[in-house]
Amino acid sequence: MQQLSARSFAVLAAVGTLLLTGCGTESFGPGDTAPSATGGRTIRAQKVMRLTRPHAETGMTLLEGPTFDANGDLLVVDVTAPAGRPKVMRVDVGGKTSRAFHTDGRGAYTSAQFSPYDGRLYLSDFAHGEIVSLAPGGGDPRTFFSGEVDGARMSPDDIAFDPEGNLYISDSRGLSEGEPHGRVVRIGRDGGKATVLAKDLAAPNGISFDSEYRGLWFSELTENRISYLRLDQEGRVTSRHTAIRVNGGIAQTDSIAVDADGNLYQGLHGRAAMAVYDRNGERLATVELPPGTQGLESATNVAITPGGTRAYLTVSGPAGGYLYAFDALAAGTRQSNGG
């Protein structure tokens, strides 16, 4: 099978460059909390299992897009997996086992989420500017969308669905050039019409509806800010504003999940931690790994168990790709299950 080109991996390296790790210096027991210097409390996540090691072909591993299927298994993508290696994995978190769900010789997948319309698993292919889908149990790959949007190919990072199955995408176009050419794009559930909802963004990454589906939260990686895009019932933009400025230090804003109470879980790229805010922008907590953890440098995304509060965090670095678990502040919903 054909491997990804050097150019494709150069693009992925711009997303997956892992620089420094942020570890706490105080010691607390498993699950203990303590005041956080950035506001709110500290929640200690605990290691579940290692899923991947750095690949010899790419020199790294980068886990993303955790999402639970209808059977309660967790699906996780490995952005930098080479051809023939699992690009999507199915994980039994109770049994702490994993197996391959999908691989191919081309895709570089950065997110995953099940559609409420057709029940298929949708993946964003960052390297090729496409959205593809798989049958719920794997197999039957289809290209949902490919080509240009308003004259420019996408660099699709994360995805979110509205209740009708229309797809919303954070398009990180311009990331490799360091230019604010990013967009938020809406694609109808039939894969036809694509509409730009916001443009001139600084590498948009995380994207998620609020708990009432009245608007979209999206983060901009190179500006460390979260914005809110209010939508009408037809999916048209009625307003947009900067909602939260993230004090990330060396870290940058990655993926976003939203729980049943409307709290935002903001992943951090460049630090193995996650910032938690309420819908009014107050910093409620910081999810941290146990003190002394080495070789893990990004906490990209989270899936909260649908209807429950157990949350599973994808964490990566030179030590490999891991799942860590913690108790979320509220129950999981569709907006905290993938993307």
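The structure contained in this document is the topic of the report that follows. (Residues numbered from 1 in each chain as written. Predicted model: local features only at pLDDT ≥ 70, side-chain atom pairs only at ≥ 80, totals over all residues. Heavy atoms only, no water.)

### Section: the overall build of the protein
Looking only at helices and strands, the protein features one helix and 28 strands. In the protein, which comprises 339 residues, the share counted as buried stands at 59%. Taking as baseline every contact in the protein between residues at least 6 positions apart, the subset at least 24 positions apart corresponds to 51%. Carbon and sulfur atoms make up 45% of the accessible area of the protein, which totals about 13,000 Å². (Helix = DSSP H or I, 4+ residues; strand = E, 2+ residues; numbered from the N terminus. Buried < 20%, exposed > 50% of the residue type's maximum accessible area, 1.4 Å probe, protein only. Contact = heavy atoms within 4.5 Å. Areas by Shrake-Rupley, 256 points an atom, 1.4 Å probe, with all protein chains shown as cover.)

### Let's talk about the nonpolar core
Counting residues in hydrophobic clusters, the biggest one holds 21 residues, and the most contacted among them are Tyr-265, Val-287, Val-302, Leu-313, Val-315, Tyr-324 and Phe-326. Broken down by secondary-structure element, the contributors of at least two residues to this core are β24 (273-277), β25 (283-288), β26 (298-304), β27 (310-317) and β28 (320-327). Judged by nonpolar contacts, the second largest core, of 14 residues, contains Phe-68, Val-76, Val-91 and Ala-303. (Core = buried A, V, L, I, M, F, W, Y, C linked by side-chain atoms within 4.5 Å.)

### Remarks on the pairing of strand β8 (residues 109-114)
Of all six residues making up β8, six are buried, and the element is well covered by its neighbours. Pairing analysis gives five bridges linking β8 to strand β9 (residues 121-125), with the strands arranged antiparallel. Bridging across to β9, Ser-111 finds its partner in Ser-124. Hairpin connection, β8 to β9: the antiparallel pair is bridged by six residues, and Gly-119 has positive phi, about 75°. (Pairing = 2+ DSSP bridges.)

### Observations concerning the pattern of salt bridges
Summed over the entire model, instances satisfying the criterion amount to 12 salt bridges. Where Asp-73 meets Arg-90, a salt bridge forms, and the shortest distance between an N and an O atom there is 3.6 Å. A residue pair is termed long-range when its members are at least 10 positions apart, and Asp-73 in the loop between β4 (63-68) and β5 (74-78) and Arg-90 in strand β6 (residues 88-92) qualify at 17 residues. Note that Arg-120 and Asp-140 form a salt bridge whose closest N and O atoms lie 2.9 Å from each other. A residue pair is termed long-range when its members are at least 10 positions apart, and Arg-120 in the loop between β8 and β9 and Asp-140 in the loop between β10 (130-134) and β11 (142-145) qualify at 20 residues. Judged by its relative accessible area of 6%, Arg-120 is buried. Asp-140 gets classed as partly exposed once you look at its relative accessible area, which sits at 39%. Members of the salt-bridge network, linked through shared partners, are Asp-69, Asp-73 and Arg-90. (Salt bridge = Lys/Arg side-chain N within 4 Å of Asp/Glu carboxyl O.)

### Remarks on the sheet that holds strand β7 (residues 97-102)
Spatial strand order, β4-β5-β6-β7: four strands in an open sheet with antiparallel pairing. Strand pairing shows two members of the sheet lacking a second neighbour, β4 and β7, which therefore form its edges. On average, each strand axis in the sheet is tilted by 30° relative to the strand beside it, whichever way the strands run. Pairing of β6 with β7 involves five bridges; the strand directions are antiparallel. Residue pairing across strands places Arg-90 opposite Arg-99, the latter belonging to β7. (Axes fitted to C-alpha atoms, helices over the stretch in contact; angles between N-to-C directions.)

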